[in-house]
Amino acid sequence: MARSTLFSAQLYGIVDLGYAAPDDLVRVTREMIAGGIDVIQLRAKGHEPNDIERWARDLLPLCRDGEVPFIVNDHAEIAAAVGSDGVHVGQDDASMDDVRAIVGDEMLVGRSTHSVDQAAKAASDPQTDCIGFGPLFSTPTKPTYTPIGTEEIQTVHAAHPDLPIFCIGGIKKENLPDVVAVGAKRAVIVSGILQAPDIAAYVRESKEILYSPQAT
């Protein structure tokens, strides 16, 4: 899948086992797709690889039917085994060269970054197809990370105009307009989507904010 797919994506959703029970994964994924989510990632921190692979195999065909890229968090081997569209790795995970050796040349590879310097290093690596930039705000998903705030959003976008940058960390529909106003072009929302009474409506409303004139 080409990096251009990520340039057209603005709202990135994560099906996170910290907020969604295993029995709910298919349902929430379907509702996210119905709302028009642009990218879906499966994140299952602390779970057994066999379980993660099984869940990935359940969700991948839903995403394919909905024409939504499906990303596996952390586990390059699982991404390669199930044939996902991409894998996303953190700063403490394997090197990008090692990840690329596992998943091959065609799969999208994303990297988490937590500072302008980390973003620059990731952007300079030809193996990197996109980055996550954050956490902007405090979030239970990343309790050990200090929020970096929104001051550097414009800086990182200006420095890397050819790299899809997804702002992440504590972003919800309520603060999304503020994030867009300071320069974010793409955003990741986790708990806001997964805890919404109407997931599809929440996704649609969030996309309306991202697709507003000030977000272009």
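Residues numbered from 1 in each chain as written. Predicted model: local features only at pLDDT ≥ 70, side-chain atom pairs only at ≥ 80, totals over all residues. Heavy atoms only, no water.

Caption draft 1: Spotlight on the overall build of the chain. Within the chain one finds ten helices and eight strands. For 216 residues, the compact-globule formula gives about 17 Å, and the C-alpha radius of gyration of the chain, at 16 Å, lands near that figure. Projected onto its principal axes, the C-alpha coordinates of the chain cover approximately 40 × 40 × 30 Å. For the chain, the residues scored as buried account for 51% of the 216 residues in total. (Helix = DSSP H or I, 4+ residues; strand = E, 2+ residues; numbered from the N terminus. Rg over C-alpha atoms; globule rule 2.2 N^0.38 Å. Buried < 20%, exposed > 50% of the residue type's maximum accessible area, 1.4 Å probe, protein only.)

Caption draft 2: Here's a closer look at helix α3 (residues 49-66). An ideal rise of 1.5 Å per residue puts 26 Å on 18 residues; α3 measures up with 25 Å between its terminal C-alpha atoms. Residues of α3 that are buried include every one of Ile-52, Trp-55, Ala-56, Leu-59, Leu-60, Leu-62 and Cys-63, and no others. Tucked into the core, α3 has its buried residues touching β1 (11-16), α2 (25-35), β2 (39-43), β3 (70-73) and α4 (76-82). Just downstream of α3 lies Glu-67, where phi reads positive at about 55 degrees. (Expected span 1.5 Å × (residues − 1). Contact = heavy atoms within 4.5 Å.)

Caption draft 3: The arrangement of the packing of aromatic side chains in detail. As enumerated under the stated definition, the model contains one aromatic pair in all. Between Tyr-12 and Phe-166, the aromatic rings sit 5.1 Å apart at their centres with planes inclined by 70 degrees, giving edge-to-face as the arrangement. You can see Tyr-12 sitting in strand β1 and its partner Phe-166 sitting in strand β7 (residues 165-167), a full 154 residues away along the chain. For Tyr-12, a relative accessible area of 5% gives the class buried. (Phe/Tyr/Trp six-rings, centres within 6.5 Å; stacked < 30°, edge-to-face > 60°.)

Caption draft 4: Quick look at the pairing of β3. What you see with β3 is no split at all: Phe-70 and Val-72 on one side and Ile-71 and Asn-73 on the other are buried throughout. Pairing of β2 with β3 involves three bridges; the strand directions are parallel. Of the residues in β3, the one forming a bridge with Leu-42 is Val-72. Handedness of the crossover joining β2 and β3 through α3 is recorded here as right-handed. As paired strands, β3 and strand β4 (residues 86-89) are joined by three bridges and run parallel to one another. Across the sheet, the residue bridging to Asn-73 is His-88, located in β4. A crossover connection joins β3 to the parallel β4 through α4; in handedness this β-α-β unit is right-handed. (Pairing = 2+ DSSP bridges. Right-handed = clockwise from strand over helix to strand, strands pointing away.)

Caption draft 5: Molecular detail of the environment of Gly-35. Inspection of the secondary structure assignment puts Gly-35 in helix α2. Placed 119 residues apart in sequence, Gly-35 and Gln-154 show a C-alpha to C-alpha distance of 28 Å. The residues contacting Gly-35, other than those within four sequence positions of it, are Ala-200, Val-203, Arg-204 and Lys-207.

Caption draft 6: Summary view of the nonpolar core. Counting residues in each nonpolar core, the largest one holds 69 residues, and the members touching the most others are Ile-37, Ile-40, Phe-70 and Val-87. The leading source of residues in this core is α3, at seven residues. Residue contacts for Val-87: discarding those within four places in its chain leaves Ile-71, Val-72, Asp-74, His-75, Ala-76, Ala-79, Val-99, Val-103, Met-107, Leu-108, Val-109 and Gly-110. (Core = buried A, V, L, I, M, F, W, Y, C linked by side-chain atoms within 4.5 Å.)

Caption draft 7: Layout of the packing of α2 against helix α10 (residues 199-210). Interaxial distance between α2 and α10 falls to 7 Å at its minimum, and their mutual angle equals 40 degrees. Viewed along their axes, α2 and α10 form a crossing whose handedness is right-handed. On α10, the residues that touch Arg-27, Val-28, Glu-31, Met-32, Ala-34 and Gly-35 of α2 are Ile-199, Ala-200, Val-203, Arg-204 and Lys-207. Looking at the contact of α2 with α10, its residues break down into six nonpolar, one polar and four charged. (Axes fitted to C-alpha atoms, helices over the stretch in contact; angles between N-to-C directions. Left-handed = near helix turned anticlockwise from the far one by under 90°. Nonpolar A, V, L, I, M, F, W, Y, C, P; charged D, E, K, R; others polar.)

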